[in-house]
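Here are the chains, one letter per residue:
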Amino acid sequence: MTLQNPPVNSLSLDFLTEFCSALEKLEMDKSCRGVILTSGQPKVFSAGLDIMEMYGKSPERCGEFWRAVQEMWLKLYSSNMVIIAAINGSSPAGGCLMSMTCDYRIMADNPRYSIGLNETQLGIVAPFWFKETMVNTVGHRTTEIALQLGQLYSPTEALDIGLVDKLVPEDQIIATATQTMTKWLAVPDHARQITKSMMRKPTIDKLMSKREPDIQNFVSFITKDPIQKSLGLYLSMLKKRKS
């Protein structure tokens, strides 16, 4: 499955809606047991949540957007399929979240790429389920430092802390993901699925029981004047960088 939302695969409402619907179709297709998730854009896996979905938008629109972000995470994190991330570019914030929902992460060994939850750098806060996904991946102390500093890791650093499972040269990433998938699919599906559910269910249940309050929290936080101001500053910095 190739992410195609030029130029940087940012997770907009339309893109998330389409992504979830494609994933649902694959989930219902009994002949599909695994998915390799990669990017069709050069140098970037996914730049994360689309800031334009959070800047200057009505509370209703922000709520709709956040529900779609939750849906993307729930579908990936609870999938019965084996999902392998072939991370062929940088993967900050929501891109990192998407990677962490996968069963196995293979990243291109390119020092120019980075991965991590860098929300605090933009003046925003990673929600509890982003935090718990990272704790489940790299442990509590590493997550505590990573989230407070909004840290982005190079591929080598990401491998050291367990944020990714393997580094390979970029031109070998899909071949390696395919070989890895063969190994995962050699395990009987039912046993692997029950084990995956046992490991992930507490975190999934936590979001399921708090979906509405989580949406309300997001909307009331993101529409605050100081937050809108810091998003605006970040956007103008991006524009300057482009020009």
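Every chain's residues receive numbers from 1 upward, in the order its sequence appears when written. With the structure being a predicted model, the display of local features is reserved for residues of pLDDT at least 70 and the display and counting of side-chain atom pairs for 80 or more, all residues being used for whole-chain, interface and lining totals. For the side-chain quantities, the full set of heavy atoms in the structure was used; hydrogens and water were omitted.

Per an unreviewed UniProt entry, the chain is named Enoyl-CoA delta isomerase 1, mitochondrial, and its organism is Takifugu bimaculatus. UniProt positions are given in the numbering used here, feature names are shortened, and annotations may be inferred rather than shown by experiment. Word for word, the UniProt comment on the chain under Sequence similarities (unreviewed entry) is "Belongs to the enoyl-CoA hydratase/isomerase family." The Subcellular location (unreviewed entry) field of the UniProt record for the chain holds the comment "Mitochondrion matrix".

Thoughts on the sheet that holds strand 9 (residues 166-168)
A pair of strands is labelled paired if DSSP reports no fewer than 2 bridges between them. Secondary structure is summarised from DSSP: a helix means a run of H or I of at least four residues, a strand means a run of E of at least two, and numbering begins at the N terminus for each. Taken in spatial order, the 5 strands of this open sheet run 1-3-5-7-9, and their pairing is parallel. A single partner strand is all that each edge strand has here, and the edge strands are strand 1 (2-3) and strand 9.

Looking at the layout of surface pockets
What the largest pocket holds in volume is close to 1300 Å³. Of the two site types, the cavity is a set of points on a 1 Å grid over the protein atoms alone where a 1.4 Å probe fits but cannot get out, and the pocket is an open set with protein on both sides within 12 Å along at least five of seven lines, each lined by residues with an atom within 4 Å of a point. Around the largest pocket, the lining comprises 49 residues; the ones closest to its centre are Ala47, Leu49, Ile51, Leu122 and Tyr234. Put simply, the parts of the chain that give the lining of the largest pocket at least two residues each are strand 4 (48-49), helix 4 (128-138), helix 9 (211-222) and helix 10 (225-242). Each residue gets one label: Ala, Val, Leu, Ile, Met, Phe, Trp, Tyr, Cys and Pro are nonpolar, Asp, Glu, Lys and Arg are charged, and the others, such as Gly, are polar. Partitioning the lining of the largest pocket into residue classes produces 31 nonpolar, 9 polar and 9 charged. Grid points are joined across faces, edges and corners, and a volume is the space filled by probe spheres set on the points. Computed from the structure, the second largest pocket encloses a volume of approximately 300 Å³. Mapped by element, the contributors of at least two residues to the lining of the second largest pocket are helix 4 and helix 8 (189-209). A per-class count over the lining of the second largest pocket returns 5 nonpolar, 2 polar and 5 charged.

Let's talk about the pattern of salt bridges
Any carboxyl oxygen of Asp or Glu that lies within 4 Å of a side-chain nitrogen of Lys or Arg is treated as forming a salt bridge with it. Under the definition given, this model contains 12 salt bridges. We note a salt bridge from Lys75 to Glu24, for which the minimum N-O separation is 3.1 Å. Within this pair, whereas Lys75 is found in helix 2 (residues 59-77), its partner Glu24 is found in helix 1 (residues 13-28), the two being separated by 51 residues in sequence. For Lys75, a relative accessible area of 19% gives the class buried. Exposure is judged per residue with a 1.4 Å probe applied to protein chains only, and the accessible area is read against the type maximum: over 50% gives exposed, under 20% gives buried, and values in between give partly exposed. Judged by its relative accessible area of 38%, Glu24 is partly exposed. With its nearest N and O atoms 3.8 Å apart, the salt bridge here joins Arg200 to Asp103.

A word on the packing of helix 4 against helix 8
Axis definition: a line fitted to C-alpha atoms, over the contacting stretch in the case of helices. Angles run 0 to 180 degrees between N-to-C directions. As a packed pair, helix 4 and helix 8 sit with axes 10 Å apart at the nearest point and diverge in direction by 180°. Between helix 4 and helix 8, the angle is such that the two are roughly antiparallel. Within the contact between the two elements, helix 4 uses Phe128, Trp129, Glu132 and Asn136 and helix 8 uses Thr203, Lys206 and Leu207. When its residues are assigned to classes, the contact of helix 4 with helix 8 shows 3 nonpolar, 2 polar and 2 charged. Small angles under 35 degrees read as roughly parallel and large ones over 145 as roughly antiparallel, with 65 to 115 read as roughly perpendicular and the rest as oblique. Any pair of residues with heavy atoms lying within 4.5 Å of one another is described as a contacting pair.

Considerations on the nonpolar core
Core analysis: the biggest nonpolar cluster contains 72 residues, and Met72, Met98 and Leu163 have the highest contact counts within it. No other element matches the 10 residues that helix 2 contributes to this core. Residues in contact with Met98, not counting those within four places in the same chain, are Leu3, Leu11, Phe19, Leu37, Phe45, Met72 and Leu76. Here, the term nonpolar core denotes a set of buried Ala, Val, Leu, Ile, Met, Phe, Trp, Tyr and Cys residues that are joined through side-chain atoms within 4.5 Å.

Some words on unusual backbone geometry
The residue after Pro6, namely Pro7, is reached through a cis peptide bond having omega 5°. Positionally, Pro7 belongs in the loop between strand 1 and strand 2 (10-11). Its identity as a non-glycine residue notwithstanding, Lys43 has a phi of 70°, on the positive side. Here Ala93, not a glycine, exhibits a phi torsion of approximately 50°, which is positive. Ala93 sits in the buried class, given a relative accessible area of 12%.

Thoughts on the packing of aromatic side chains
Paired rings are identified among Phe, Tyr and Trp, the last through its six-membered ring, by centres lying within 6.5 Å, and are further divided according to the angle between planes into stacked (under 30 degrees), edge-to-face (over 60) and tilted (the rest). The tally for this structure, following the rule as stated, stands at 8 aromatic pairs. One aromatic cluster is present, built from ring pairs that chain together Trp66, Trp73, Tyr77, Trp129, Phe130 and Phe218.

Considering the packing of helix 1 against helix 2
Close contact between helix 1 and helix 2 brings their axes to 9 Å; oriented N to C, the two are set at 30°. Accordingly, the angle class assigned to the pair helix 1 and helix 2 is roughly parallel. Regarding helix 1 and helix 2, the two cross each other, and that crossing is left-handed. Note on element contacts: helix 2 touches helix 1 through Arg61, Glu64, Phe65, Ala68, Val69, Glu71, Met72, Lys75 and Leu76, opposite Leu13, Leu16, Phe19, Cys20, Leu23, Glu24 and Glu27. Should the near helix be turned counterclockwise from the far one by less than a right angle, the crossing is left-handed, whereas a clockwise turn marks it as right-handed.

Focus: the pairing of strand 7 (residues 104-108)
Two faces, one strand: in a regular strand the side chains alternate between the faces of the sheet. For strand 7, the buried fraction is high: 5 of the 5 residues fall into the buried class. The alternating pattern of strand 7 places Tyr104, Ile106 and Ala108 on one face and Arg105 and Met107 on the opposite face, and all of these are buried.

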